[in-house]
Amino acid sequence: MGKEDAAAAAVVVAVNGERYEADGVDPSTTLLEFLRTRTPARGPKLGCGEGGCGACVVVVSKYDAVTDEVTEFSASSCLTLLGSVHHCAVTTSEGIGNTRDGFHPVQKRLSGFHASQCGFCTPGMCMSIFSALAKADRAAGRPAPPPGFSKLTVAEAEKAVSGNLCRCTGYRPILDACKSFAADVDLEDLGLNSFWKKGGGGDGDDCADVSKLPPYSATAVCTFPEFLKSEIKASMDQATGAPSPAATGWYHPKSIEEFHRLFDSNLFDEKSVKIVASNTGSGVYKDQDLHDKYIDITQIPELSAIKRSSKGIEIGAVVSISKAIETLSHGGKVFRRIADHLSKVASSFVRNTATVGGNIIMAQRLPFPSDIATVLLAAGSTVTIQAASNKRICLTLEEFLGQPPCASRTLLISISVPDWGSDEGITFETFRAAPRPFGNAVSYVNSAFLARSSVDAESGSHLIEDVCLAFGAFGAEHAIRARKVEEFIKGKLVSAPVILEAVRLLKGVVSPEEGTTHPEYRISLAVSFLFRFLSSLANGLDEPDNANAPNGSCTNGIANGSAESYPENHPRAGSSDLPIRSRQEMVFSDEYKPVGKPIEKVGAELQASGEAVYVDDIPAPKDCLYGAFIYSTHPHAEVKGVKFRSSLASHKVITVITAKDIPTGGENVGSSFSNLGDEALFANPVAEFAGQNIGVVIAETQKYAYMAAKQAVIEYSTENLQPPILTIEDAVQHNSYFQIPPFLTPKPVGDFNQGMSEADHKILDGEVNLESQYYFYMETQSALAIPDEDNCITIYSSTQTPELTQNIVARCLGVPFHNVRVITRRVGGGFGGKAMKAMHVAAACAVAAFKLRRPVRMYLDRKTDMIMAGGRHPMKAKYSVGFKSDGKITGLHLDLGLNAGISPDVSPLMPSSIIGSLKKYNWGALAFDIKVCKTNVSSKSAMRAPGDVQGSFIADAIVEHVAAALSVDANVVKRKNLHDFESLKVFYGESAGEASTYSLVTIFDKLVSSPDYQRRAAMVEHFNGSNRWKKRGISCVPIAYVVTLRPAPGKVSILKDGSIAVEVGGIEIGQGLWTKVKQMAAFGLGQLCPDGGEGLLDKVRVIQADSLSMIQGGVTAGSSTSETSCEAVRKSCAALVERLMPIKESLEATAGAVPWESLIVQASTASVNLTEHAYWTPDPTFKKYLNYGSAISEVEVDVLTGETTILRSDLVYDCGQSLNPAVDLGQVEGSFVQGIGFFTNEEYATNADGLVIHDGTWTYKIPTVDTIPRQFIVELMNSAPDHRRVLSSKASGEPPLLLASSVHCAMREAIRATRKEFAAAADSADPALTTFQMDVPATMPVVKELCGLDVVERYLESLPATTTSPYTGKA
Ligand SMILES: Cc1cc2nc3c(=O)[nH]c(=O)nc-3n(C[C@H](O)[C@H](O)[C@H](O)COP(=O)(O)OP(=O)(O)OC[C@H]3O[C@@H](n4cnc5c(N)ncnc54)[C@H](O)[C@@H]3O)c2cc1C
Ligand code: FES
Ligand code: FES
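Starting afresh in each chain, residues are numbered from 1 along the sequence in its written order. Chain labels run from A onward and ligand labels from 1 onward, assigned in the order the entries are written. Whole-chain, interface and lining totals are the exception, using all residues; otherwise, since this is a predicted model, local features are given only for residues with pLDDT of at least 70 and side-chain atom pairs are given and counted only at 80 or more. To obtain the side-chain values, all non-hydrogen atoms of the structure were included, while hydrogens and water were left out.

(A) Focus on the overall build of the chain. Strands here mean DSSP runs of E at least two residues long; helices mean DSSP runs of H or I at least four residues long; both are numbered from the N terminus. For the chain, the helix and strand inventory stands at 42 helices and 44 strands. C-alpha atoms define the radius of gyration, and 2.2 Å times the number of residues to the power 0.38 defines the globule rule. Against the globule reference of 34 Å for 1371 residues, the chain gives a C-alpha radius of gyration of 32 Å, in line with a compact fold. Dimensions of the chain, computed from C-alpha atoms along their principal axes, come out at roughly 95 × 90 × 80 Å. Burial analysis of the chain (1371 residues in total) assigns 64% to the buried set. Of the contacts formed within the chain by residues at least 6 apart in sequence, a portion of 77% connects residues at least 24 apart. As presented, the chain carries roughly 46,500 Å² of accessible surface, and 51% of it is formed by carbon and sulfur atoms. Partly exposed residues are those whose accessible area sits between 20% and 50% of the maximum for their type, while under 20% is buried and over 50% is exposed, using a 1.4 Å probe and protein chains only. A contact between two residues is defined here by any heavy atoms of the two lying within 4.5 Å. Surface exposure here means Shrake-Rupley accessible area, sampled with a 1.4 Å probe, where a residue is shielded only by the protein chains that are shown.

And the structure:
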């Protein structure tokens, strides 16, 4: 076939400069799927499949042959359909730099700023940064940047990655890497990096200098290949621009008439044809079936037109949101406000393709919480639609939204926004409140208000002539105008009584539909927004806008406002241009070099380029099949049968694997931990919880398997079954508990009754609750099982526990353990979630592969992963505490219930970790009753700092309750109850270690007694005294964490050329284990080298874990795997040194210093065994040690919306003598930010059956770059050495997560200040106003509820009566 003919038959794309023809691909293939299965590109990853994570970002370039121009933009390849990128050039992270051609400066800087941990997000980050640089450098009218920099600004750098999720790093180093390109950056402000020494004095090697950064030049990469340009030009000549619909299933009408003709032809069945603009809508409303035909409307010229006239701007329906923003930002103030609001919709890589028309259609047809519809509605927009080839109608947007959902053949042609000119009398404001300000979050409520008014000379207030008040996203079918309120306001002078009446009327108008979450909160938000708007038009009111400017910029605390009195040097909250600043302090030591050096993470550049291989990146073996779980939606029911509804996807089902396919002799076991009990792999026949695996649908591709699994219809029966036990209360009622083995049962301290008898005061009924948290590893669970000869099987698994996975798979298949080889190279984030559940996925693949005699791969879609994962244990803590009048606590009794779910999993370990961290305070006497409840929900498992984080938080919640009851500063009570070394020993026994290592009091005092803290605390008080609508809180939290050392294997092999291969049982999950191990190997063998081993660093390769090569690998968990793996390696090295030293000495005696390579050649020739395997076991007298730290966080809460801005966090963490300060810093910052998510935002909700409903990026909000502390200061300190720890180091993976409760505590302080103020105004003395507890997570609705849903009304009512009538607005 000739090239032209071929082009006509298939989609043609250039990927990283190579030409690809997508012959025979399914029409519904996404660009991501195509890249990953039909090209070598593996950089774009599947993290969510819904536009919400950025892991799949690529740069798409389009060539316009008429103008000879190339436009390029970032796009989410998971939503972009292949059929829509015909003749485009696609650049992935490998395309901008790789091992062979050299890495791109973005990749090198990400590596050098230590900005990649597990690396799964890194290629997407890389492309978002790359695209931001390209965009800035293309921008005309900007001055040329200084050499080595881009035209990008620091402010833009912060936005560049705001839509990309990273679960590991805490974003600060990613931001630094990105900012390092900005022309206006002060390089000294950037954090720890490998280019210059931080804080090194400022000259020579130490100074921050652009010349030390990997050089950047804007013209480095050409993204549009010449061959494709020629092909495009040729195809224009031959009118074969679009590929053949017959071959591709894609239709590209060139006119509206053609669109309607197509639709009318009998080719189309409305069910299987999909009309698409950019298809991002499928990120919101997922396709339920495959489609075999697509109509792409983007090539209808009229739909892409933008027309400006004196009347306004008409935006074609397929104009992208980004393009619309660009256009509107050059218009009058109403246009600019709209543009500003639109820039908070989704993320740049979604906005670059998502169309304005697609958004409006979603808002019209579905109850989609559109921002665009709301703001355009308030601006008085109209739409033009065409339902048949000759029937074009123009409607107001309000009319259009109010019509019944339009038919699929109705085409939205354009949206016209009137020009409100420079009319001084026009005020236009927009608002939105969302869990994240910029990072890809739809709003709880959005609104936009337009008023025409004049200033009344006498009162100084505005007289409203006309007004439009639009509200959306509050739980209605579509955005609405609050007509009743508008009518009321019209003709009135804005005053407090008018506003009060307006908000009362509004509450009757904004009425969330049944089933909407947080309905009262949403109503109060609408009230807040209206209050904000109207109070800016009234003279003499305490205007919230003075502290918080509107226009969406107020979202989640991000504000532009001005007039309020801010004390000098006080950080301005939420200002969107307030740059994120950071500082890191640490001590470097050369004692064990190269251990202790902050070397770059092993493989960071590979991770950035996308070449690092995760399980789903392994090329599919021949005949590979793919699986997807079918799960129960019922909490307790017998599965009678599984059928498939008739659909295109159901035709793709090859088979369904269930419990009956477990081979004879095998067991139905999915996971098991340390003899604590098994969990079943498949429901058989009773599904015991919603989310339980019933079977695995097998299909030819992963996409088919996903889609086919959605077609499953399960028949249930609940006959003869007890109702499910779902909650802790249910379990208590039914006595449904797991037993805790005695050796795991924590011990009480002292005599509680006596402690209470010594108390001056008692709290007897305290309660605080904590919900679950999902791991949100960026790489979902995945495994690839390849059957081998003689009933053997190899499984590539993304697991933290290859050894246990091997055991489970073998039990499941009924084969000896040695038949099962589990291989894990790296894991794209684990956080505990890839321990137990990873076994299920590996076992399911293994059963399928065994049965079908073909390789089987499973890569869970995000929704299934979230439904099955389990996550952190929800807990309910009730407490009785006795204390003296000076705050000294004398006794605590804790009644704790934790929801463990269906199987024991690791839950019996929870009590000891909860109590371990709770014991950080000296409670006098401590008693507890902990119930590990067995319920019909998914099994809860270990998540980073499992139990410890809850225990530590509960401790502070109690201490702060005591402080509030005594009306004293919480820090005073905390300090009073910190242990001295004697009480530490009583509470912790042997884990307390030596007195010299007890650093907690020093750390706490250092933070709390510092003049800086005292000054800030005073400023917070001052701020709160002078601001009604924003309140600040500051809190310091100490932590103690018990680290347990476990045995670990290690093997070091020196090859004949001097290169070194190291194997350890631990898994690289992003925590830097390989990096520390590499340093340790170089250190351990260093005695054989003249330079002490630094030169060996480049010779060491840590290789993948293999359960047959390295047995007894154990589990990578509990923070200590890095140090114990290092210790095993050191032991191996010591044996090798002992063997090689005599040869070295004898060579030196004859030839002087011996180079490493010569030594090894000699040893090899002399048949010295150059490999050593060691199994390190901890000293029986030193199996545990304590980690300490403290954090101060300062937050600002928006009383009107419940949003929180973390102004500053100062962390001091005792890391011992760090094995690698860069790695440890990354662990501290990353876990702190993960903790922020747990405490503030991550709502992992279930329905009444216990089925997870927050099951994607749309509803589950992990922190993004815009939610981290605006000032982030971390100090790693090294307390007294203790050589019983590995080279005196300490763990860093989990303990710092506990520090994040400082944010929660600070929020409670801010809320307390609010409640005090409003209580004082209302003359209320209810003690609950100040002694309240706040559950976890403290989401915006929770915070707002505690501040008071009715604060606006209360404030307005409290104002002195005025002479202005709310009804006339006149005196
Ligand atoms: C991660 C993410 C975050 C988001 N966040 C927000 C947010 O915060 N606020 C907000 O308002 N929106 C948000 N959106 C929605 C986003 O704006 C829409 O997905 C997008 O604008 C739809 O445009 P599209 O071109 O991709 O439409 P498509 O997905 O191609 O189409 C959507 C629907 O509209 C139909 N359609 C498209 N164009 C036309 C037309 N001209 N005439 C008739 N029918 C048409 C299609 O047939 C389809 O049914 C978000 C989306 C994603 C994926
Ligand atoms: S995978 Fe595409 S945005 Fe998450
Ligand atoms: S490094 Fe970002 S998700 Fe792991």
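(B) The pairing of strand 38 (residues 1060-1064), seen in detail. Within strand 38, 5 of the 5 residues are buried, leaving the element largely enclosed by the surrounding structure. Burial along strand 38 is two-sided: Ile1060, Val1062 and Val1064 facing one way and Ala1061 and Glu1063 facing the other are all buried. One bridge is not enough; two strands pair if DSSP finds at least two bridges between them. Once strand 37 (residues 1048-1054) ends, the chain turns through 5 residues before running back antiparallel as strand 38, passing Gly1058 with a positive phi of about 95°.

(C) Fine view of the sheet that holds strand 3 (residues 57-64). Taking strand neighbours across the sheet as the criterion, the 5 strands line up as 2-1-5-3-4 in an open arrangement whose pairing is mixed. Here the strands that pair on one side only, and so sit at the sheet edges, are strand 2 (18-22) and strand 4 (69-76). Going across the sheet, the axis of each strand differs from the next one's by a mean of 30°, ignoring polarity. For strand 1 (residues 11-15) and strand 5 (residues 88-91), the ladder comprises 3 bridges, and the chain directions are parallel. Along strand 5, the bridge assignment pairs Val13 with Cys88. Geometry is summarised by axes, namely lines fitted to C-alpha atoms with helices restricted to the contacting stretch, and by angles between N-to-C directions that run from 0 to 180 degrees.

(D) Representation of the packing of helix 35 (residues 1073-1085) against helix 36 (residues 1121-1151) within the structure. Where helix 35 meets helix 36, the axes come as close as 8 Å, and the angle between the chain directions of the two elements is 25°. In terms of orientation, helix 35 lies roughly parallel with respect to helix 36. In this structure, helix 35 crosses over helix 36, and the sense of that crossing is right-handed. Two secondary-structure elements touch here, helix 35 through Leu1073, Lys1076, Val1077, Met1080, Ala1081, Phe1083, Gly1084 and Leu1085 and helix 36 through Thr1121, Ser1122, Ser1125, Cys1126, Val1129, Arg1130, Cys1133, Leu1136 and Val1137. Roughly parallel means an angle under 35 degrees; roughly antiparallel means over 145; roughly perpendicular covers 65 to 115; every other angle is labelled oblique. Take the far helix as the reference: if the near one is turned anticlockwise from it by less than a right angle, the crossing is left-handed, and if turned clockwise, right-handed.

(E) Expanded view of the site of ligand 1. One heavy atom within 4 Å of a molecule or strand makes the whole residue count as near it. In the vicinity of ligand 1, 36 residues are found, and the nearest of them are Ile275, Ser278, Thr280, Thr355 and Asp371. Within the backbone of Leu412, one N or O atom sits 2.8 Å away from a nitrogen atom of ligand 1. Burial of ligand 1 by the surrounding chains reaches 95%, relative to a free accessible area of 960 Å². Residue contributions to the shell around ligand 1 peak at 5 residues, all from helix 16 (residues 356-365). Amino acid classes used here: Ala, Val, Leu, Ile, Met, Phe, Trp, Tyr, Cys and Pro are nonpolar; Asp, Glu, Lys and Arg are charged; the rest, including Gly, are polar. For the shell around ligand 1, the class distribution of residues is 21 nonpolar, 11 polar and 4 charged. Think of a polar contact as two N or O atoms within 3.5 Å of one another; within protein, one of them needs to be a possible hydrogen donor and the other a possible acceptor, and neighboring residues in sequence only count if both atoms come from side chains.

(F) Here's a closer look at the sheet that holds strand 29 (residues 782-787). A sheet is described by the order of its strands in space; here 8 strands give the open sequence 21-25-19-32-29-30-31-40, paired in mixed fashion. On the outer flanks of this sheet lie strand 21 (655-657) and strand 40 (1105-1106), each paired with one strand and no other. Docked against the sheet, helix 26 (residues 802-813) engages strand 30 (793-797), strand 31 (820-824) and strand 40, running at close to 145° with respect to strand 31.

(G) Representation of the packing of helix 14 (residues 333-342) against helix 17 (residues 371-378) in the model. Contact pair helix 14 / helix 17: the axes reach a minimum separation of 10 Å and the direction vectors enclose 170°. Comparing their axes, helix 17 and helix 14 come out roughly antiparallel. In this structure, helix 14 uses Ile338, His341 and Leu342 to contact helix 17, whose residues at the interface are Asp371, Ile372, Val375 and Leu376. Class assignment for the residues of the contact of helix 14 with helix 17 results in 5 nonpolar, 1 polar and 1 charged.

(H) Structural detail: the confidence of the model for the chain. Values of pLDDT, the confidence the predictor places in each residue, fall between 0 and 100. For the chain, per-residue confidence averages 92 on the pLDDT scale, and 94% of positions sit at 70 or higher. Counting contacts from residues 546-576, a segment whose pLDDT is below 50, to residues more than four positions away or on other chains yields 106 contacts. A low-confidence stretch, residues 1363-1371 stays under pLDDT 50, and its non-local contacts, those more than four residues away or across chains, total 23 contacts.

(I) How the structure looks around helix 4 (residues 105-112). Across the 8 residues that make up helix 4, a large majority, 7, are buried. For helix 4, the full list of buried residues reads Pro105, Val106, Gln107, Arg109, Leu110, Ser111 and Gly112. In this fold, the buried residues of helix 4 make contact with helix 3 (93-96), helix 5 (122-138), helix 7 (172-179) and helix 22 (604-609). Trailing helix 4 by a residue or two, His114 shows a phi angle of about 60°, which is positive.

(J) Inspection of empty space enclosed by the protein at higher detail. Method remark: on a 1 Å grid restricted to protein atoms, a set of points is classed as a cavity if a 1.4 Å probe fits but cannot get out and as a pocket if it is open with protein on both sides within 12 Å along at least five of seven lines; lining residues have an atom within 4 Å of a point. Grid points are joined across faces, edges and corners, and a volume is the space filled by probe spheres set on the points. All told, the structure shown has 10 cavities of 30 Å³ or more when counted by the stated rule. Within this model, the second largest cavity holds a volume of roughly 150 Å³. Phe629, Asn693, Lys837, His840 and Met868 are the residues nearest the centre of the second largest cavity, which is lined by 16 residues in total. Breaking the lining of the second largest cavity down by element, the ones donating at least two residues are helix 27 (836-852) and helix 28 (862-868). Here the lining of the second largest cavity takes 3 residues from helix 27, the largest share from any one element. In the lining of the second largest cavity, the residues fall into 8 nonpolar, 5 polar and 3 charged.

(K) Just the packing of aromatic side chains, in detail. Only Phe, Tyr and Trp rings are paired, with Trp represented by its six-membered ring, and only when their centres lie within 6.5 Å; those with planes under 30 degrees apart are stacked, over 60 edge-to-face, the remainder tilted. One pass over the structure, following the stated rule, counts 33 aromatic pairs. With a centroid separation of 5.8 Å and 70° between ring planes, the pair formed by Tyr774 and Tyr777 is classed as edge-to-face. Aromatic side chains Tyr774 and Tyr1260 sit 5.8 Å apart centroid to centroid with 85° between the ring planes, which places their arrangement in the edge-to-face category. Of this pair, Tyr774 sits in the loop between strand 28 (761-770) and strand 29 while Tyr1260 sits in the loop between helix 38 (1221-1241) and strand 44 (1271-1277), and the two are 486 residues apart along the sequence. Tyr1260 carries the same exposure label as Tyr774, and that label is buried.

(L) Examining the environment of Ala1174 more closely. Along the chain, Ala1174 falls in strand 41 (residues 1171-1176). We classify Ala1174 as buried; its relative accessible area is 6%. Spatially, the C-alpha atom of Ala1174 lies 20 Å from that of Arg825, the residues being 349 residues apart in sequence. The residues touching Ala1174, leaving out its near neighbours within four places in the chain, are Ala1048, Pro1049, Gly1050, Ala1128, Lys1131 and Ser1132.

(M) Summary view of the pairing of strand 30. With 4 of 5 residues buried, strand 30 is to be regarded as a mostly interior element. If you look at the hairpin formed by strand 29 and strand 30, you'll find 5 residues sitting between the two strands, and Asp790 has a positive phi there, around 55°. In the sheet, strand 30 pairs with strand 31 via 4 bridges, with the strands oriented parallel. Across the sheet, the residue bridging to Thr794 is Arg821, located in strand 31. Seen with the strands pointing away from the viewer, any crossover whose path from the first strand over the helix to the second strand runs clockwise is right-handed. Regarding topology, helix 26 serves as the crossover connection from strand 30 to the parallel strand 31, and that connection is right-handed.

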